[in-house]
Amino acid sequence: MPDHHSSILVTGAAGNLGREVVNRLRVRGAHVRSLVRHQTGPRLGAESVVGDLTDPILVREALVGIDTVFLIWPLLDSAPAHDLIAELAAAAPRVVYLSTTAIDDDAVRQTDPIIQVHADMEVLLRDAGLRPVVLRSDTLASNARGWAQQLRSGDVVSGPDMARTAVVDERDVADAAIAVLLAQTDQLTDEIHELMGPEVLSRAAQVAHLGAALRRSLRFEPLAVDLARSRMLADGRPEPLVEALIAASVRRPESNRITDHVERLIGRTAGTFAQWAIDHAAEFN
Ligand SMILES: NC(=O)c1ccc[n+]([C@@H]2O[C@H](COP(=O)([O-])OP(=O)(O)OC[C@H]3O[C@@H](n4cnc5c(N)ncnc54)[C@H](OP(=O)(O)O)[C@@H]3O)[C@@H](O)[C@H]2O)c1
C-alpha cells in the first residue's frame, strides 16, 4: 500500500544521490517522475522526463501534476536557473533544495563558485516566494567513486587536496531527503538542515579507509595547483569546473563542525565513511 499520495519530481535522478532518492520514494509507494539528461543508465522506473534543467519548456511539462520537487542545481552559475525558478514559481510545488554545508551565512561572497552557486540558488528560490526546504549536504561519500579509475591501475589517488569536512553517506542524505519530501508539515521550511557525517575527514583519511576496506595499502597524493589543473584538463573536464575545483581546493576553509541533523531527520546516527567504503568496495576492483 502506498503510504503517500504525493507526486514528486526528482531532478538529477541518475546521479549518485538522485538514484538513492528515487529508489527510496518508489519503495515508499510515492508517485515519482525522474528528470534525467539521458535515457540510458540505471532503470529509474516507468516515468521519466529526459532533458536539461535549463530548458523551461521541458521543466514546465515535467511539473504537470507534480506537488513536490526534489531540486538539485548541478551548474556552476545560477543565471541559467532563472527560467527554471520562474516555472517553479508558476506551478508552486513544495521545493526541497539540495544545497551545501560549506555556505558561510555571514559572508557577502562565498570562497568558491561551487559554494556561491548554492548560496545564490537559496536566495533565488526564497525570493521567488517558493519557501523551499533547504537541505545542506556536506561532501558526499559517493564522490569517492571518482577515484575508482586511478585505483584500478595503482595504489595512489592523486588530485587537488581539499579542506577536511564531515563527509556524509549519500544514503543518509537520501533518507533525510525522503523524510522531508514525505513530511506532512511546513515546519521544516524554517530550519537549516545541515547534513553531516560523524567524523571530519581529510582526503588522505578517506583513501586510507578505502584501503582498509579493499585490504590494500592506498595513499592520497596531493598535487600542486598547476599540476592538478593540467591533469584535470587533460582528463577532459571543462575548464570552468576545473577552475572551480582549484578555487575550492585553495580557498575553502577547514571545518571541524559536525551536526546531528541527519539523526534528527532519520532517527539514527549518520553512517561512517569506513562503512561506506566496506559497502562499496566491489566498485573499486
Ligand atoms: N557531491 C557532493 O559532495 C555535494 C555536496 C553538496 C551538494 N551537492 C549537490 O548535490 C547535487 C547532486 O550530487 P551528486 O553527487 O548526486 O551529483 P552527480 O552524481 O554528479 O549527479 C548529478 C546529476 O545531475 C545531472 N545533470 C547535470 N547537469 C544537468 C542539467 N543541466 N540538466 C539536467 N540534469 C543535469 C547529471 O546528469 P548526467 O548523469 O547526464 O551527467 C547527473 O545525473 C550536486 O549537483 C550538487 O549540486 C553535492
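Residues numbered from 1 in each chain as written. Predicted model: local features only at pLDDT ≥ 70, side-chain atom pairs only at ≥ 80, totals over all residues. Heavy atoms only, no water.

Draft legend 1. Main features of the site of the ligand. Around the ligand there are 22 residues in total, and Asn16, Leu17, Arg37, Leu53 and Leu140 lie nearest to it. Taken by itself the ligand offers 880 Å² of open surface, and the protein chains cover 77% of this. Of all elements in the fold, only helix H1 (16-27) and strand S5 (94-100) reach the threshold of two or more residues within the shell around the ligand. Partitioned by chemical class, the residues of the shell around the ligand number nine nonpolar, ten polar and three charged. (Near = heavy atom within 4 Å. Areas by Shrake-Rupley, 256 points an atom, 1.4 Å probe, with all protein chains shown as cover. Helix = DSSP H or I, 4+ residues; strand = E, 2+ residues; numbered from the N terminus. Nonpolar A, V, L, I, M, F, W, Y, C, P; charged D, E, K, R; others polar.)

Draft legend 2. The arrangement of helix H9 (residues 239-251) in detail. Between its first and last C-alpha atoms H9 spans 18 Å; for 13 residues at 1.5 Å apiece the expected length is 18 Å, and the two agree. Within H9, the full set of buried residues consists of Val242, Ala244, Leu245, Ile246, Ala247 and Ala248. Lining the buried residues of H9 we find helix H4 (113-127) and helix H8 (225-234). (Expected span 1.5 Å × (residues − 1). Buried < 20%, exposed > 50% of the residue type's maximum accessible area, 1.4 Å probe, protein only. Contact = heavy atoms within 4.5 Å.)

Draft legend 3. Geometry of the packing of H8 against H9. Direction vectors running N to C along H8 and H9 enclose 150 degrees, while the axes themselves pass 10 Å from each other. Classed by the angle they form, the pair H8 and H9 counts as roughly antiparallel. Classified by chirality, the crossing of H9 by H8 is right-handed. Contacts from Val225, Ala228, Arg229, Met232 and Leu233 of H8 reach H9 at Glu239, Val242, Glu243, Leu245, Ile246 and Val250. Considered class by class, the residues forming the contact of H8 with H9 number eight nonpolar, no polar and three charged. (Axes fitted to C-alpha atoms, helices over the stretch in contact; angles between N-to-C directions. Parallel < 35°, antiparallel > 145°, perpendicular 65-115°, else oblique. Left-handed = near helix turned anticlockwise from the far one by under 90°.)

Draft legend 4. How the structure looks around the nonpolar core. Membership of the largest hydrophobic core comes to 32 residues, with the highest contact counts inside it found for Val10, Leu17, Val21, Leu25, Phe70, Leu135 and Leu181. Every element with two or more residues in this core is listed here: strand S1 (7-11), H1, strand S2 (31-36), S5, strand S6 (133-137), helix H6 (170-181) and helix H10 (261-266). At seven residues, H6 tops the list of elements feeding residues into this core. If sequence neighbours within four positions are ignored, leucine 17 has contacts with Phe70, Leu98, Leu140, Glu170, Val173 and Ala174. Leu84, Val117, Met121 and Leu125 belong to the second-largest nonpolar core, a separate cluster that totals 23 residues. (Core = buried A, V, L, I, M, F, W, Y, C linked by side-chain atoms within 4.5 Å.)

Draft legend 5. Broad picture of the packing of aromatic side chains. The full count for this structure, using the stated rule, is two aromatic pairs. With a centroid separation of 6.2 Å and 75 degrees between ring planes, the pair formed by tryptophan 276 and phenylalanine 284 is classed as edge-to-face. One exposure class covers both tryptophan 276 and phenylalanine 284, and it is buried. Three or more aromatic residues joined by ring pairs make a cluster, and in this case those are Phe273, Trp276 and Phe284. (Phe/Tyr/Trp six-rings, centres within 6.5 Å; stacked < 30°, edge-to-face > 60°.)

Draft legend 6. Region of interest: the pattern of salt bridges. On inspection of all chains with the given rule, the structure shows 20 salt bridges. The closest approach of N and O atoms between aspartate 155 and arginine 216, which form a salt bridge, is 2.8 Å. Taken together, the residues aspartate 155 in the loop between helix H5 (148-153) and strand S7 (156-159) and arginine 216 in the loop between helix H7 (203-214) and strand S9 (219-222) connect sequence positions 61 residues apart. With relative accessibility at 25%, the residue arginine 216 sits in the partly exposed group. The partner of glutamate 243 in a salt bridge is arginine 229, and the shortest N-O contact between them spans 2.8 Å. (Salt bridge = Lys/Arg side-chain N within 4 Å of Asp/Glu carboxyl O.)

Draft legend 7. Expanded view of unusual backbone geometry. Although it is not a glycine, alanine 92 adopts a positive phi angle of roughly 55 degrees. Relative to the helices and strands, alanine 92 resides in the loop between helix H3 (82-91) and S5. You can call alanine 92 exposed: its relative accessible area is 55%. Here the phi dihedral of arginine 131 falls at roughly 45 degrees; this positive angle occurs in a residue that is not glycine. Structurally, arginine 131 can be placed in the loop between H4 and S6.

Draft legend 8. Spotlight on the packing of H3 against H4. In contact at an axis separation of 10 Å, H3 and H4 are set at 35 degrees when each is read in the N-to-C sense. The interaxial crossing formed by H3 with H4 has right-handed handedness. Taken together, the residues of H4 that come into contact with H3 (itself represented by His82, Ile85 and Leu88) are Met121, Leu124 and Leu125. Taken together, the residues of the contact of H3 with H4 break down into five nonpolar, one polar and no charged.

Draft legend 9. Inspection of the sheet that holds strand S4 (residues 68-71) at higher detail. In spatial order, the strands read S3-S2-S1-S4-S5-S6-S8; together these seven strands make up an open sheet with parallel pairing. Lying at the two open borders of the sheet, with one neighbouring strand each, are strand S3 (48-50) and strand S8 (193-195). With strand direction ignored, the average angle separating the axes of adjacent strands in the sheet is 20 degrees. Here S2 runs beside S3; their pairing, made up of three bridges, is parallel. Among the inter-strand pairings, valine 36 is bridged to a residue of S3, identified as valine 50. (Pairing = 2+ DSSP bridges.)

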